[in-house]
Amino acid sequence: GAFHDKLSEAGSKLPNYSDSDRDKLSQVVTSPVAKDSRVYETAMVPLAALLAVAALWLGSLLSWSFARPVPSDLVASSRSSMALWLRTFWPVASLGAVQGLLFGWAVGMALSLPLGNTIGAAALLAVVGVSFAAGNHALTGWLGNVGRGISVLALVATVALGLTSAVPGWVGSIAGISPLQNGLLLVRTFLAGGSGLVALAGAALLFGVIALNLSYLAIASRRSLTPDQFRSRIVKPLAG
């Protein structure tokens with residue numbers, strides 16, 4: 001009798017759903033998780049920024065592997081150092097700007113950014129592309145293959161730090177003083193709408209100004225020859 005009474009009491013407490021309630025519950029059970037696409041897009045920002053910035057740096061490095069960082073007619077030319085520098089620098093810088101525009105547009109489309117943000121990302125990456133062209137020109141113009149090796153090392157350190165935090169301390173130290181790492185943080189912060197954008201932009205501007213000056217000096221400082229260089233480059237070829 002006690003069991004019967006308790007069972008009847010429990011049965012009276014069971015919910016009684018209408019037909020419309022049953023339809024709604026069946027839909028919830030069959031689709032228990034509704035993915036927020038915006039959350040997914042935000043999570044993709046670090047990877048998108050890393051791919052775009054790394055591709056710009058690598059493209060600039062490869063460009064200076066095919067283009068001569070120092071003109072062959074550097075000493076013999078009657079043009080000014082600025083004219084020679086512009087003639088040498090502008091093709092690779094223009095290519096970097098075009099690549100930045102394309103990468104920025106592709107990132108904006110992939111992340112479903114508003115049109116204004118997509119245009120901003122394209123413009124930012126275009127400027128970053130020109131800055132990277134100057135940085136790699138300075139490295140290759142002053143140091144040759146050693147400069148190319150330093151550029152590759154900076155790329156590896158930035159990519160490793162962007163993919164995982166389980167890296168040796170020296171890798172983080174290299175990335176910390178690299179314009180590539182600063183460019184990555186700047187682009188990632190812009191895409192995510194994060195704080196500290198002004199400070200990162202200021203640091204990027206400083207890196208860019210230094211890179212442009214070193215790029216120019218890589219040509220302007222070599223307009224004269226030492227006596228030994230004059231004999232090896234001018235006298236010996238003429239005598240031969």
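Refer to the structure printed above.
Treat the numbers as computed from the prediction; the structure is a model and nothing was measured.

Conventions used here
Residues numbered from 1 in each chain as written. Predicted model: local features only at pLDDT ≥ 70, side-chain atom pairs only at ≥ 80, totals over all residues. Heavy atoms only, no water. Helix = DSSP H or I, 4+ residues; strand = E, 2+ residues; numbered from the N terminus. Buried < 20%, exposed > 50% of the residue type's maximum accessible area, 1.4 Å probe, protein only. Contact = heavy atoms within 4.5 Å. Areas by Shrake-Rupley, 256 points an atom, 1.4 Å probe, with all protein chains shown as cover. Expected span 1.5 Å × (residues − 1). Bend = angle between axes of the 7 residues up to and from the residue. Patch = residues over 30% accessible without salt bridge, like charges linked within 9 Å, V, L, I, M, F, W, Y side chains within 5 Å. Salt bridge = Lys/Arg side-chain N within 4 Å of Asp/Glu carboxyl O. 1 Å grid on protein atoms, 1.4 Å probe; cavity = no way out; pocket = protein on both sides within 12 Å on 5 of 7 lines; lining within 4 Å. Points joined across faces, edges and corners; volume = space filled by probe spheres on them. Nonpolar A, V, L, I, M, F, W, Y, C, P; charged D, E, K, R; others polar. Polar contact = N/O pair within 3.5 Å; in protein donor to acceptor, adjacent residues only side chain to side chain. Core = buried A, V, L, I, M, F, W, Y, C linked by side-chain atoms within 4.5 Å.

J.: Would you mind showing me how to read the overall build of the chain here?
T.: Secondary structure summary: the chain contains eleven helices and zero strands in total. Going from N to C terminus, the chain has its helices and strands arranged as α-α-α-α-α-α-α-α-α-α-α. Per-residue burial over the chain gives 32% buried out of 240 residues. In the chain, the share of contacts with a sequence separation of at least 24, taken over all contacts with a separation of at least 6, comes to 72%. Of the accessible surface of the chain, which amounts to about 14,200 Å², a share of 69% is contributed by carbon and sulfur atoms.

J.: For this particular structure, what's the right way to read helix H5 (residues 81-110)?
T.: Along an α-helix, residues three or four apart share an orientation, since each turn contains 3.6 residues. The end-to-end C-alpha distance of H5, which contains 30 residues, comes to 43 Å, matching closely the 44 Å that a straight helix rising 1.5 Å per residue would cover. The largest bend along H5 reaches roughly 40 degrees and is located at Phe 89, with the proline Pro 91 sitting one to four residues downstream. Residues of H5 that are buried include every one of Ser 81, Leu 84, Trp 85, Thr 88, Phe 89, Val 92, Ala 93, Gly 96, Gly 100, Gly 104, Val 107 and Gly 108, and no others. On its buried face, H5 is in contact with helix H4 (45-66), helix H6 (115-143), helix H9 (179-192) and helix H10 (197-220). At the exit of H5 stands Ser 112, carrying a positive phi of roughly 55 degrees.

J.: Just checking my understanding: could you explain H10 for this structure?
T.: With 24 residues, H10 ought to run about 34 Å at 1.5 Å a step, and its terminal C-alpha atoms sit 34 Å apart, in line with that. What H10 keeps buried is the set Leu 200, Gly 208, Ala 211, Ser 215, Ala 218 and Ile 219. Looking at the packing, one finds that the buried side of H10 touches H5, H6 and H9.

J.: Help me out: how do you make sense of a nonpolar patch on the surface in this one?
T.: Taken together, the side chains of Trp 142, Leu 143, Val 146, Ile 150, Leu 206, Ile 210, Leu 214 and Leu 217 define a hydrophobic patch exposed on the protein surface, amounting to about 710 Å² of accessible area. Contributions of two or more residues to the nonpolar patch are made by H6, helix H7 (145-163) and H10. In this structure, Leu 217 sits in helix H10. You can call Leu 217 partly exposed: its relative accessible area is 39%.

J.: How should empty space enclosed by the protein be read in this particular structure?
T.: Where empty space is left becomes clear once a probe the size of a water molecule has been rolled over the atoms. Using the criterion set out here, one finds one cavity of 30 Å³ or more in the structure. Volume-wise, the largest cavity comes out at about 40 Å³. Around the largest cavity sit Gly 59, Ser 60, Ser 63, Val 92, Leu 95, Gly 96, Gln 99, Gly 129 and Ala 133, which together line it. Counting residues per element, the lining of the largest cavity draws most heavily on H5, which supplies four residues. Taken together, the residues of the lining of the largest cavity sort by class into three nonpolar, six polar and no charged.

J.: For this particular structure, what's the right way to read the side chain of Asn 182?
T.: Positionally, Asn 182 belongs in helix H9. For Asn 182, a relative accessible area of 9% corresponds to the buried category.

J.: Explain the side chain of Ser 151 here, please?
T.: Structurally, Ser 151 is set in helix H7. Engagement of the side chain of Ser 151 in a polar contact is seen with the side chain of Trp 57, the distance being 2.8 Å. Once residues within four sequence positions are removed from consideration, Ser 151 is found in contact with Trp 57, Leu 61, Asn 136 and Leu 139.

J.: Which parts of the structure should I look at to understand the nonpolar core?
T.: In summary, soluble globular proteins display a tendency toward joint burial of nonpolar side chains. Residues Val 53, Leu 111, Phe 132, Val 187 and Leu 191 are the most contacted members of the largest nonpolar core, which totals 24 residues. Elements supplying a minimum of two residues to this core: H4, H6 and H9. With nine residues, the single largest contributor to this core is H4. Counting twelve residues, the second-largest nonpolar core is a separate cluster that includes Trp 64, Leu 74, Phe 89 and Ala 93.

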